[in-house]
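# Secondary and tertiary structure notes
Here are the chains, one letter per residue:
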Amino acid sequence: MSSTPDTTPHGGTSLWPVGDDGRRIVRIGEDPDAIRVLTRALDARIIPGTYVSDGAPVVVEEISGAAGPNSADEDVALPLTASVLKPSLLAALLAEHATVHGQKNCRTAEASPPGPVLSAVLARRAWPGLPVLRRIISTPVLRPDGTLLQTPGYDERTGFYLAGNTHLAPIPDHPHRTRSPPRGSFCWNGSCGTSRGATRPPTARTTWRCW
């Protein structure tokens with residue numbers, strides 16, 4: 001069986017057309033051809049939420065039953081993780097997001113790629129088509145250029161994935177000066193003072209604010 005890309009009426013090619021069920025159609029042949037086709041498909045992000053981390057393809061997914069931001073610990077991260085793709089996980093994700101057509105009893109039918117084929121696909125360490133995922137974070141951070149990363153989702157400029165903490169209010173880009181403590185002030189337990197007029201020295205619980 002050949003896995004020649006489908007030709008569109010306009011002369012272009014569509015490697016993975018969308019089927020009636022909304023899933024991409026991937027046609028594979030014998031093992032060598034299947035390895036090549038599935039490698040291209042994975043590198044083209046046919047599976048949503050895929051990234052590369054330290055040379056390994058990963059998928060960002062939710063963890064059922066994990067503690068969320070509304071638990072007793074407000075600093076807990078959202079239940080997201082970057083799972084390294086293994087043959088079994090890749091097979092499940094392909095079945096969920098794509099329709100893989102192969103030869104079955106001399107007929108073209110939906111099939112699940114064999115385990116050795118999936119292992120061969122995942123053996124490589126170069127995935128130029130996948131965005132690089134550095135880490136998943138739960139709170140806004142400053143980028144190296146000084147701008148604030150606070151939009152949930154993947155940030156191409158840093159490679160960070162910010163989990164959508166809806167319990168945190170957005171941080172204004174330009175805080176209003178009248179709402180900010182004076183320069184050099186600090187706060188503890190909800191009370192603010194200055195280093196010059198403090199009635200007690202800052203402790204480990206002191207939150208310093210500088211403007």
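See the structure printed just above.
So, a few notes on the structure that sits alongside this text. What you are looking at is a predicted structure, and each value in this text was computed from that prediction instead of being measured.

Below, the discussion takes up helix 3 (residues 115-122). Those residues of helix 3 lying buried are Val 117, Leu 118, Val 121 and Leu 122. End-on, the buried residues of helix 3 take up no more than an arc of 130 degrees, which puts them together on one face. Against the buried residues of helix 3 lie helix 1 (31-43), strand 5 (56-62) and helix 2 (87-97).

What follows covers the packing of aromatic side chains. By the definition in use, this model includes 2 aromatic pairs. When the ring of Tyr 51 is compared with that of Tyr 154, the centres are 4.9 Å apart and the planes differ by 40 degrees; the resulting orientation is tilted. Of this pair, Tyr 51 sits in strand 4 (residues 50-53) while Tyr 154 is found in strand 12 (residues 153-155), placing the two residues 103 residues apart along the sequence. What makes Tyr 154 partly exposed here is its relative accessible area of 25%. Within the aromatic cluster, the residues linked to one another by ring pairs are Tyr 51, Tyr 154 and Tyr 161. Residue placement shows Arg 124 over the ring face of Trp 127; its charged tip is 5.0 Å from the ring centre.

Here we take up unusual backbone geometry. If a residue is not glycine, its phi is most likely negative; likewise, a peptide bond is most likely trans. Phi is positive for Arg 45, close to 60 degrees, though the residue is something other than glycine. Relative to the helices and strands, Arg 45 is located in the loop between helix 1 and strand 4. In the Ramachandran plot, Asp 54 falls in the positive-phi region, its phi being about 55 degrees despite a non-glycine side chain. In this structure, Asp 54 sits in the loop between strand 4 and strand 5.

This brings us to the packing of helix 2 against helix 3. As a packed pair, helix 2 and helix 3 sit with axes 9 Å apart at the nearest point and diverge in direction by 100 degrees. With respect to each other, helix 2 and helix 3 are oriented roughly perpendicular. Judged by residue contacts, Pro 87, Leu 90, Ala 91 and Leu 94 of helix 2 engage Gly 115, Leu 118, Ser 119 and Leu 122 from helix 3. Among the residues forming the contact of helix 2 with helix 3, the class breakdown is 6 nonpolar, 2 polar and no charged.

About the criteria used
- Residues numbered from 1 in each chain as written.
- Predicted model: local features only at pLDDT ≥ 70, side-chain atom pairs only at ≥ 80, totals over all residues.
- Heavy atoms only, no water.
- Buried < 20%, exposed > 50% of the residue type's maximum accessible area, 1.4 Å probe, protein only.
- Helix = DSSP H or I, 4+ residues; strand = E, 2+ residues; numbered from the N terminus.
- Arc of directions from axis to C-beta.
- Contact = heavy atoms within 4.5 Å.
- Phe/Tyr/Trp six-rings, centres within 6.5 Å; stacked < 30°, edge-to-face > 60°.
- Lys NZ or Arg CZ within 6 Å of the ring centre and 35° of its normal.
- Axes fitted to C-alpha atoms, helices over the stretch in contact; angles between N-to-C directions.
- Parallel < 35°, antiparallel > 145°, perpendicular 65-115°, else oblique.
- Nonpolar A, V, L, I, M, F, W, Y, C, P; charged D, E, K, R; others polar.

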